[in-house]
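Residue-level structure breakdown
Listed below, chain by chain, are the residues.
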Amino acid sequence: MPDQVVICVGNLAVGGTGKTPMIEYMVSHLADTRRLATISRGYGRRTRGFRLATPTDTAATLGDEPLQLYRKFGRADNPPVLVCVGERRAEALQQLRRDQPQIDTVLLDDAFQHRAVQPHLNLLLTDYNRPFYTDHPFPEGRLRESRWGARRADAVIVTKCPDTLSATEQALITGRVCRYTRPDGVVFVFFTGLRYGKPVPFGEQLTDMTTDVVLVSGLANADSLEQYVRQQFRLLRHDRFADHYAYTRADYERLRANCPPGAALLTTEKDWVKLDALLTEAERATEPLYYLPVAVRFLAGEESFWSLVERVLTAR
(Lines give C-alpha, C1' and ligand atoms only; values in the text may rest on other atoms or scores of the structure.)
Protein backbone atom coordinates (compact mmCIF):
# COMPACT_ATOMS: atom_id res chain seq x y z
CA MET A 1 0.00 0.00 0.00
CA PRO A 2 1.59 3.34 -1.03
CA ASP A 3 2.09 6.01 1.59
CA GLN A 4 -0.37 8.77 0.81
CA VAL A 5 0.95 12.31 0.55
CA VAL A 6 -1.56 14.69 2.11
CA ILE A 7 -1.71 18.34 1.00
CA CYS A 8 -4.05 20.68 2.85
CA VAL A 9 -5.56 23.76 1.19
CA GLY A 10 -7.17 25.90 3.87
CA ASN A 11 -7.62 29.32 5.39
CA LEU A 12 -8.06 31.17 8.65
CA ALA A 13 -11.15 33.11 7.59
CA VAL A 14 -14.66 31.92 6.86
CA GLY A 15 -15.17 31.22 3.15
CA GLY A 16 -14.37 33.21 0.07
CA THR A 17 -10.59 32.83 -0.24
CA GLY A 18 -10.61 30.75 -3.43
CA LYS A 19 -9.91 27.25 -2.10
CA THR A 20 -11.90 25.45 -4.81
CA PRO A 21 -10.11 27.16 -7.74
CA MET A 22 -6.81 26.31 -6.02
CA ILE A 23 -7.82 22.66 -5.64
CA GLU A 24 -8.82 22.58 -9.32
CA TYR A 25 -5.52 24.18 -10.31
CA MET A 26 -3.57 21.53 -8.41
CA VAL A 27 -5.70 18.68 -9.76
CA SER A 28 -5.08 19.88 -13.32
CA HIS A 29 -1.32 19.78 -12.77
CA LEU A 30 -1.10 16.55 -10.78
CA ALA A 31 -3.71 14.28 -12.35
CA ASP A 32 -1.43 12.99 -15.12
CA THR A 33 1.36 11.88 -12.79
CA ARG A 34 -0.30 11.05 -9.45
CA ARG A 35 -3.09 8.73 -8.35
CA LEU A 36 -5.16 11.52 -6.90
CA ALA A 37 -8.12 12.05 -4.58
CA THR A 38 -9.77 15.11 -3.04
CA ILE A 39 -11.57 15.20 0.30
CA SER A 40 -13.95 18.01 1.18
CA ARG A 41 -16.44 18.49 3.97
CA GLY A 42 -19.28 18.68 1.47
CA TYR A 43 -20.83 21.81 2.90
CA GLY A 44 -24.62 21.93 2.53
CA ARG A 45 -25.10 18.25 1.71
CA ARG A 46 -27.89 16.29 3.36
CA THR A 47 -25.79 13.17 3.87
CA ARG A 48 -23.24 12.41 6.55
CA GLY A 49 -20.00 10.48 6.83
CA PHE A 50 -17.54 9.42 4.16
CA ARG A 51 -18.82 9.35 0.59
CA LEU A 52 -17.14 8.70 -2.75
CA ALA A 53 -18.71 10.65 -5.62
CA THR A 54 -20.63 8.65 -8.23
CA PRO A 55 -22.71 9.60 -11.31
CA THR A 56 -25.90 9.54 -9.21
CA ASP A 57 -24.73 12.19 -6.76
CA THR A 58 -26.21 15.68 -6.58
CA ALA A 59 -25.37 18.81 -4.64
CA ALA A 60 -27.77 17.55 -1.96
CA THR A 61 -25.79 14.33 -1.47
CA LEU A 62 -22.27 15.61 -2.13
CA GLY A 63 -22.21 19.41 -1.71
CA ASP A 64 -21.93 21.97 -4.50
CA GLU A 65 -18.13 22.37 -4.66
CA PRO A 66 -17.32 18.61 -4.58
CA LEU A 67 -19.97 18.10 -7.27
CA GLN A 68 -18.29 20.82 -9.34
CA LEU A 69 -14.96 18.97 -8.96
CA TYR A 70 -16.57 15.65 -9.88
CA ARG A 71 -18.21 17.03 -13.00
CA LYS A 72 -14.92 18.50 -14.14
CA PHE A 73 -12.47 15.73 -13.24
CA GLY A 74 -14.19 12.59 -12.04
CA ARG A 75 -16.90 11.50 -14.48
CA ALA A 76 -14.86 9.51 -17.00
CA ASP A 77 -14.72 5.71 -16.93
CA ASN A 78 -11.15 5.99 -15.68
CA PRO A 79 -11.26 9.29 -13.76
CA PRO A 80 -8.02 11.13 -13.06
CA VAL A 81 -9.24 11.99 -9.55
CA LEU A 82 -11.52 10.45 -6.96
CA VAL A 83 -13.76 13.05 -5.34
CA CYS A 84 -14.72 12.31 -1.75
CA VAL A 85 -16.48 14.05 1.12
CA GLY A 86 -16.23 13.52 4.84
CA GLU A 87 -16.74 16.00 7.64
CA ARG A 88 -14.18 14.21 9.84
CA ARG A 89 -11.07 14.47 7.69
CA ALA A 90 -8.90 12.06 9.70
CA GLU A 91 -11.55 9.32 9.51
CA ALA A 92 -12.11 10.06 5.82
CA LEU A 93 -8.38 9.66 5.13
CA GLN A 94 -8.34 6.31 6.93
CA GLN A 95 -11.33 5.02 4.99
CA LEU A 96 -9.91 6.24 1.69
CA ARG A 97 -6.65 4.42 2.48
CA ARG A 98 -8.57 1.21 3.23
CA ASP A 99 -10.98 1.38 0.27
CA GLN A 100 -8.72 2.95 -2.38
CA PRO A 101 -5.14 1.83 -1.57
CA GLN A 102 -3.91 2.86 -5.03
CA ILE A 103 -4.30 6.56 -4.17
CA ASP A 104 -0.92 8.16 -3.47
CA THR A 105 -1.86 11.86 -3.17
CA VAL A 106 -4.78 13.47 -1.34
CA LEU A 107 -5.81 17.12 -1.57
CA LEU A 108 -7.69 18.16 1.57
CA ASP A 109 -10.08 21.04 0.98
CA ASP A 110 -10.62 23.41 3.92
CA ALA A 111 -8.90 21.32 6.60
CA PHE A 112 -6.49 23.86 8.09
CA GLN A 113 -8.31 23.72 11.46
CA HIS A 114 -8.43 19.89 11.57
CA ARG A 115 -5.61 19.31 14.06
CA ALA A 116 -6.12 15.52 13.98
CA VAL A 117 -4.62 15.56 10.48
CA GLN A 118 -0.93 16.27 10.06
CA PRO A 119 -0.53 17.09 6.34
CA HIS A 120 2.80 16.80 4.57
CA LEU A 121 2.19 20.25 3.07
CA ASN A 122 -0.02 22.92 4.63
CA LEU A 123 -1.11 25.67 2.22
CA LEU A 124 -2.80 28.69 3.79
CA LEU A 125 -4.90 30.92 1.51
CA THR A 126 -5.74 34.52 2.33
CA ASP A 127 -7.76 37.02 0.29
CA TYR A 128 -5.80 40.07 -0.92
CA ASN A 129 -8.90 42.19 -0.26
CA ARG A 130 -9.16 41.01 3.36
CA PRO A 131 -5.84 39.50 4.48
CA PHE A 132 -5.83 37.54 7.70
CA TYR A 133 -3.31 39.93 9.31
CA THR A 134 -5.88 42.76 9.29
CA ASP A 135 -8.78 40.56 10.41
CA HIS A 136 -9.99 39.39 13.83
CA PRO A 137 -11.61 36.23 15.24
CA PHE A 138 -15.37 35.94 15.66
CA PRO A 139 -17.44 37.86 16.59
CA GLU A 140 -15.35 40.94 15.86
CA GLY A 141 -14.12 39.66 12.49
CA ARG A 142 -14.23 36.66 10.18
CA LEU A 143 -11.31 34.58 11.44
CA ARG A 144 -11.95 31.06 12.72
CA GLU A 145 -8.93 31.30 14.99
CA SER A 146 -6.13 33.67 15.95
CA ARG A 147 -3.82 35.11 13.29
CA TRP A 148 -1.06 33.05 14.91
CA GLY A 149 -2.64 29.96 13.39
CA ALA A 150 -0.59 30.93 10.33
CA ARG A 151 2.40 29.34 12.10
CA ARG A 152 1.16 25.95 10.93
CA ALA A 153 1.48 26.98 7.26
CA ASP A 154 4.31 25.80 5.02
CA ALA A 155 3.28 28.35 2.39
CA VAL A 156 0.86 31.27 2.29
CA ILE A 157 -0.95 32.04 -0.96
CA VAL A 158 -2.43 35.52 -1.29
CA THR A 159 -5.41 35.07 -3.61
CA LYS A 160 -7.57 37.34 -5.79
CA CYS A 161 -4.70 39.76 -6.35
CA PRO A 162 -5.04 42.40 -9.08
CA ASP A 163 -2.92 41.82 -12.16
CA THR A 164 -1.20 45.15 -11.50
CA LEU A 165 0.09 44.20 -8.04
CA SER A 166 3.63 45.55 -7.95
CA ALA A 167 6.73 43.79 -6.65
CA THR A 168 6.99 46.50 -4.00
CA GLU A 169 3.51 45.81 -2.64
CA GLN A 170 4.13 42.07 -2.79
CA ALA A 171 7.20 42.58 -0.61
CA LEU A 172 5.21 44.67 1.87
CA ILE A 173 2.47 42.04 2.08
CA THR A 174 5.06 39.28 2.49
CA GLY A 175 6.55 41.15 5.43
CA ARG A 176 3.17 41.49 7.13
CA VAL A 177 2.30 37.84 6.50
CA CYS A 178 5.61 36.64 7.95
CA ARG A 179 4.99 38.41 11.26
CA TYR A 180 2.58 35.56 12.00
CA THR A 181 4.23 32.57 10.31
CA ARG A 182 6.83 30.20 11.72
CA PRO A 183 9.67 31.91 13.56
CA ASP A 184 12.26 29.91 11.60
CA GLY A 185 11.25 31.96 8.55
CA VAL A 186 11.07 28.97 6.20
CA VAL A 187 7.67 29.88 4.79
CA PHE A 188 6.94 30.71 1.16
CA VAL A 189 4.53 33.48 0.15
CA PHE A 190 2.93 33.39 -3.30
CA PHE A 191 0.54 35.74 -5.09
CA THR A 192 -2.26 34.59 -7.36
CA GLY A 193 -5.16 36.11 -9.24
CA LEU A 194 -8.25 34.74 -10.95
CA ARG A 195 -8.57 34.29 -14.70
CA TYR A 196 -12.12 34.08 -16.02
CA GLY A 197 -12.85 32.08 -19.12
CA LYS A 198 -15.40 32.40 -21.87
CA PRO A 199 -19.00 31.85 -20.69
CA VAL A 200 -20.12 28.25 -21.20
CA PRO A 201 -23.76 27.50 -22.11
CA PHE A 202 -25.76 25.06 -19.99
CA GLY A 203 -26.89 23.41 -23.23
CA GLU A 204 -24.55 22.46 -26.08
CA GLN A 205 -26.96 23.83 -28.68
CA LEU A 206 -26.65 27.44 -27.50
CA THR A 207 -24.45 29.99 -29.24
CA ASP A 208 -22.26 32.74 -27.82
CA MET A 209 -23.77 34.79 -25.03
CA THR A 210 -25.35 38.20 -25.55
CA THR A 211 -23.75 41.27 -24.00
CA ASP A 212 -26.79 41.95 -21.75
CA VAL A 213 -26.40 39.93 -18.57
CA VAL A 214 -28.20 39.21 -15.31
CA LEU A 215 -25.64 37.81 -12.90
CA VAL A 216 -26.65 35.15 -10.36
CA SER A 217 -24.25 34.14 -7.59
CA GLY A 218 -24.24 32.29 -4.30
CA LEU A 219 -20.76 33.15 -3.01
CA ALA A 220 -19.25 34.32 0.26
CA ASN A 221 -17.89 37.36 -1.59
CA ALA A 222 -18.98 38.09 -5.15
CA ASP A 223 -17.50 41.59 -5.44
CA SER A 224 -14.58 40.64 -7.71
CA LEU A 225 -16.90 38.55 -9.89
CA GLU A 226 -19.31 41.45 -10.29
CA GLN A 227 -16.47 43.81 -11.11
CA TYR A 228 -15.23 41.51 -13.87
CA VAL A 229 -18.71 41.03 -15.35
CA ARG A 230 -19.26 44.82 -15.38
CA GLN A 231 -16.03 45.24 -17.32
CA GLN A 232 -16.83 42.56 -19.91
CA PHE A 233 -20.61 42.78 -20.38
CA ARG A 234 -23.56 45.08 -19.81
CA LEU A 235 -24.64 44.03 -16.33
CA LEU A 236 -28.35 44.67 -15.89
CA ARG A 237 -28.68 43.23 -12.39
CA HIS A 238 -26.85 41.06 -9.89
CA ASP A 239 -29.01 38.66 -7.88
CA ARG A 240 -26.92 37.68 -4.86
CA PHE A 241 -27.72 34.61 -2.78
CA ALA A 242 -26.07 33.26 0.35
CA ASP A 243 -22.93 31.16 -0.01
CA HIS A 244 -23.79 27.53 -0.90
CA TYR A 245 -27.42 28.53 -1.46
CA ALA A 246 -29.67 25.58 -2.36
CA TYR A 247 -31.74 26.81 -5.31
CA THR A 248 -35.30 25.61 -5.80
CA ARG A 249 -37.38 25.35 -8.94
CA ALA A 250 -39.33 28.40 -7.74
CA ASP A 251 -36.06 30.36 -7.51
CA TYR A 252 -35.19 29.45 -11.09
CA GLU A 253 -38.63 30.38 -12.41
CA ARG A 254 -38.46 33.72 -10.62
CA LEU A 255 -34.98 34.42 -12.00
CA ARG A 256 -36.09 33.68 -15.55
CA ALA A 257 -39.30 35.68 -15.19
CA ASN A 258 -37.32 38.71 -14.04
CA CYS A 259 -34.72 38.42 -16.78
CA PRO A 260 -35.27 41.14 -19.40
CA PRO A 261 -35.95 40.00 -23.00
CA GLY A 262 -32.73 39.34 -24.89
CA ALA A 263 -30.62 39.10 -21.74
CA ALA A 264 -28.75 36.02 -20.55
CA LEU A 265 -28.51 34.59 -17.06
CA LEU A 266 -24.84 34.21 -16.11
CA THR A 267 -23.71 32.33 -13.02
CA THR A 268 -20.70 30.60 -11.45
CA GLU A 269 -19.66 26.97 -11.85
CA LYS A 270 -20.62 26.30 -8.24
CA ASP A 271 -24.12 27.68 -8.84
CA TRP A 272 -24.38 25.99 -12.25
CA VAL A 273 -24.26 22.46 -10.81
CA LYS A 274 -27.29 23.29 -8.65
CA LEU A 275 -29.33 25.28 -11.17
CA ASP A 276 -28.67 22.78 -13.95
CA ALA A 277 -30.29 20.02 -11.90
CA LEU A 278 -33.58 21.96 -11.87
CA LEU A 279 -33.93 22.15 -15.67
CA THR A 280 -35.71 20.04 -18.24
CA GLU A 281 -33.78 18.96 -21.32
CA ALA A 282 -35.76 21.43 -23.42
CA GLU A 283 -34.91 24.31 -21.08
CA ARG A 284 -31.26 23.34 -21.03
CA ALA A 285 -31.19 23.37 -24.82
CA THR A 286 -33.01 26.65 -25.39
CA GLU A 287 -32.85 28.97 -22.37
CA PRO A 288 -30.03 31.60 -22.41
CA LEU A 289 -28.17 30.19 -19.40
CA TYR A 290 -24.38 30.33 -19.02
CA TYR A 291 -21.71 29.82 -16.37
CA LEU A 292 -18.37 31.55 -16.09
CA PRO A 293 -15.30 29.32 -15.60
CA VAL A 294 -12.55 30.64 -13.35
CA ALA A 295 -8.97 29.49 -12.87
CA VAL A 296 -6.00 30.39 -10.68
CA ARG A 297 -3.15 32.39 -12.19
CA PHE A 298 0.18 32.96 -10.45
CA LEU A 299 1.46 36.53 -10.71
CA ALA A 300 4.99 35.20 -10.20
CA GLY A 301 6.76 32.28 -8.57
CA GLU A 302 4.75 29.47 -10.14
CA GLU A 303 7.86 27.36 -10.75
CA SER A 304 8.92 27.84 -7.13
CA PHE A 305 5.49 26.72 -5.98
CA TRP A 306 5.70 23.49 -7.96
CA SER A 307 9.27 22.91 -6.80
CA LEU A 308 7.94 23.04 -3.23
CA VAL A 309 5.14 20.59 -4.05
CA GLU A 310 7.47 18.22 -5.89
CA ARG A 311 9.91 18.15 -2.96
CA VAL A 312 7.07 16.99 -0.73
CA LEU A 313 5.83 14.41 -3.24
CA THR A 314 9.23 12.88 -3.90
CA ALA A 315 10.17 12.78 -0.21
CA ARG A 316 7.52 10.16 0.50
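Attention in this report is confined to the structure presented alongside it.

Rules used in this analysis
- Residues numbered from 1 in each chain as written.
- Predicted model: local features only at pLDDT ≥ 70, side-chain atom pairs only at ≥ 80, totals over all residues.
- Heavy atoms only, no water.
- Core = buried A, V, L, I, M, F, W, Y, C linked by side-chain atoms within 4.5 Å.
- Buried < 20%, exposed > 50% of the residue type's maximum accessible area, 1.4 Å probe, protein only.
- Contact = heavy atoms within 4.5 Å.
- Pairing = 2+ DSSP bridges.
- Helix = DSSP H or I, 4+ residues; strand = E, 2+ residues; numbered from the N terminus.
- Axes fitted to C-alpha atoms, helices over the stretch in contact; angles between N-to-C directions.
- Disulfide = S-S within 2.5 Å.
- Arc of directions from axis to C-beta.
- Phe/Tyr/Trp six-rings, centres within 6.5 Å; stacked < 30°, edge-to-face > 60°.
- Lys NZ or Arg CZ within 6 Å of the ring centre and 35° of its normal.

1. As for the nonpolar core
Grouped together as the largest cluster of nonpolar side chains are 52 residues, with contacts concentrated most on Ile7, Met22, Met26, Leu123 and Phe305. Not counting residues within four places of it along the chain, the set of residues in contact with leucine 123 comprises Ile7, Cys8, Val9, Gly10, Met26, Phe112, Ala155, Ile157 and Phe305. Core analysis: the second largest hydrophobic core is formed by 34 residues, Val6, Ala92, Cys161 and Ile173 among them.

2. Quick notes on the sheet that holds strand β12 (residues 264-268)
Taken in spatial order, the five strands of this open sheet run β9-β13-β12-β10-β11, and their pairing is mixed. The open sheet is flanked by β9 (200-201) and β11 (234-241), the only strands paired with a single partner. The sheet contact formed by strand β10 (residues 212-218) and β12 spans four bridges and is parallel. In the strand pairing of β12, leucine 215 is matched with leucine 266. Against the sheet, helix α6 (residues 223-232) engages β10, β11, β12 and β13 (289-292), with an angle of about 165° to β11.

3. Structural notes on the sheet that holds strand β4 (residues 81-85)
Taken in spatial order, the nine strands of this open sheet run β3-β4-β2-β5-β1-β6-β7-β8-β14, and their pairing is mixed. Only two strands of the sheet have a single partner each, and these edge strands are β3 (51-52) and β14 (294-300). In terms of strand pairing, strand β1 (residues 5-11) meets strand β6 (residues 121-127) through five bridges, oriented parallel. In the strand pairing of β6, valine 9 is matched with leucine 123. Together, β1, β5 (105-109), β6, β7 (155-159), β8 (188-196) and β14 form the strand contacts of helix α10 (residues 302-315), whose direction differs from that of β8 by roughly 115°.

4. Quick look at the state of the cysteines
A full pass over the atoms with the stated rule returns zero disulfides. Not part of a disulfide, cysteine 84 finds its nearest cysteine sulfur in cysteine 8, a span of 16 Å. By relative accessible area, cysteine 84 is classed as buried at 0%.

5. Description of helix α7 (residues 249-257)
Restricting attention to buried positions, one finds in α7 the residues Asp251, Tyr252 and Leu255. The buried residues of α7 all sit within an arc of 95° when viewed along its axis, so they share a single face. Those residues of α7 that are buried lie in contact with β10, β11, β12, α9 (281-286) and β13.

6. Observations concerning helix α3 (residues 64-74)
Most of α3 is tucked away: eight of the eleven residues are buried. Asp64, Pro66, Leu67, Gln68, Leu69, Tyr70, Phe73 and Gly74 are the residues of α3 that are buried.

7. Here we look at the packing of aromatic side chains
Under the counting rule described, the total for this entry stands at 17 aromatic pairs. Aromatic side chains tyrosine 25 and phenylalanine 305 sit 6.4 Å apart centroid to centroid with 45° between the ring planes, which places their arrangement in the tilted category. One end of the pair, tyrosine 25, is in helix α1 (residues 19-30); the other, phenylalanine 305, is in helix α10, with 280 residues separating them in the sequence. For the pair formed by tyrosine 25 and phenylalanine 305, the shared burial category is buried. Ring plane angle 40° and centroid distance 5.7 Å describe the contact between tyrosine 25 and tryptophan 306, whose orientation is recorded as tilted. Separated by 281 residues along the polypeptide, tyrosine 25 in helix α1 and tryptophan 306 in helix α10 bring together distant segments of the chain. Ring-pair connections join several aromatic residues into one group, and the members of that group are Tyr25, Phe188, Phe190, Phe298, Phe305 and Trp306. Between the NZ or CZ atom of arginine 71 and the centre of the ring of tryptophan 272, over which it lies, the distance is 4.8 Å.

8. Here's the deal with the environment of asparagine 129
For asparagine 129, the position within the fold is in the loop between β6 and β7. By relative accessible area, which is 52% here, asparagine 129 ends up exposed.

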